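# Topology and contacts: notes
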Amino acid sequence: MAKVGIADTAFARYDMGKAAIDELKRHSSVKIERYTVPGIKDLPVACKKLFDEHKCDIVMALGMPGSKPTDKTCAHEASMGIIYCQLMTNKHIIEVFVHEDEAPDGKELAWLMDRRAREHAQNVIKLLFTPKVLEREAGTGQRQGYEDVGPARQ
Ligand SMILES: Cc1nc2c(=O)[nH]c(=O)nc-2n(C[C@H](O)[C@H](O)[C@H](O)CO)c1C
């Protein structure tokens, strides 16, 4: 049975890991291993341990970069680490970041974090079990969280 790793953070202002796990359980019977770390820069090693020590097939890395310039730098560094981990392991990590300033207030931020975590959990299931479904979505302007933007037309 496929195993999905969930790496998430205490820094985030919404429990994205819980939302992702709930969505995975609704749509599949995958095994799940969760690993919570303090903040986004701790995610790359959490992901690597989920692959190496917990034998996950794919990992979701969920985090919330804050709105300050230093947080944006941290997010870039975390992303670089996450990409490096994918190259080291030859496995997918679906990065689910919601920047705190993507939403105007806490209520919409919580909604966005929940939606994005769930929609990327659905992408994980597609990558694992129905890659052709994802292929059919190529070029269709899918977004996770806010509305899809649709394809551009000539
Ligand atoms: C400045 C900063 N910003 C964020 C952030 O926006 N989001 C987040 O999840 N974590 C942040 N952190 C914490 C670091 O990612 C990390 O947890 C600490 O540096 C300890 O390794 C830090 C230090």
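Residues numbered from 1 in each chain as written. Predicted model: local features only at pLDDT ≥ 70, side-chain atom pairs only at ≥ 80, totals over all residues. Heavy atoms only, no water.

The element strand 3 (residues 58–63) is largely enclosed, with a buried count of six among its six residues. Of the two faces of strand 3, both are covered, the one formed by Ile58, Met60 and Leu62 as well as the one formed by Val59, Ala61 and Gly63. Sheet topology places strand 1 (residues 3–9) next to strand 3; four bridges connect them, and they run parallel. Bridging across to strand 3, Gly5 finds its partner in Val59. Regarding topology, helix 3 (residues 69–89) serves as the crossover connection from strand 3 to the parallel strand 4 (residues 93–97), and that connection is right-handed. (Buried < 20%, exposed > 50% of the residue type's maximum accessible area, 1.4 Å probe, protein only. Helix = DSSP H or I, 4+ residues; strand = E, 2+ residues; numbered from the N terminus. Pairing = 2+ DSSP bridges. Right-handed = clockwise from strand over helix to strand, strands pointing away.)

So, on to helix 3. Spacing of three or four residues puts side chains on the same side of an α-helix, whose turn is 3.6 residues. Under the 1.5 Å per step criterion, the end-to-end length of helix 3 is 30 Å for 21 residues, consistent within 8% with the ideal 30 Å. Along helix 3, the residues classified as buried are Asp71, Cys74, Ala75, Ala78, Ser79, Ile82, Cys85 and Thr89. Angularly, the buried residues of helix 3 cover 140 degrees about the axis, an arc narrow enough to put them on a single face. Structural note: helix 3 exposes Pro69, His76, Tyr84 and Leu87 on the side pointing more than 90 degrees away from its buried face. (Expected span 1.5 Å × (residues − 1). Arc of directions from axis to C-beta.)

In the vicinity of the ligand, the contacting residues are Phe11, Pro38, Gly39, Ile40, Lys41, Asp42, Met64, Pro65, Gly66, Thr70, Asp71 and Cys74. Contact between the ligand and Gly39: an oxygen atom at 3.0 Å from a main-chain N or O atom of the residue. In isolation the ligand has 490 Å² of accessible area, and contact with the protein removes 70% of it. Classifying every residue of the shell around the ligand by side-chain character gives six nonpolar, three polar and three charged. (Near = heavy atom within 4 Å. Polar contact = N/O pair within 3.5 Å; in protein donor to acceptor, adjacent residues only side chain to side chain. Areas by Shrake-Rupley, 256 points an atom, 1.4 Å probe, with all protein chains shown as cover. Nonpolar A, V, L, I, M, F, W, Y, C, P; charged D, E, K, R; others polar.)

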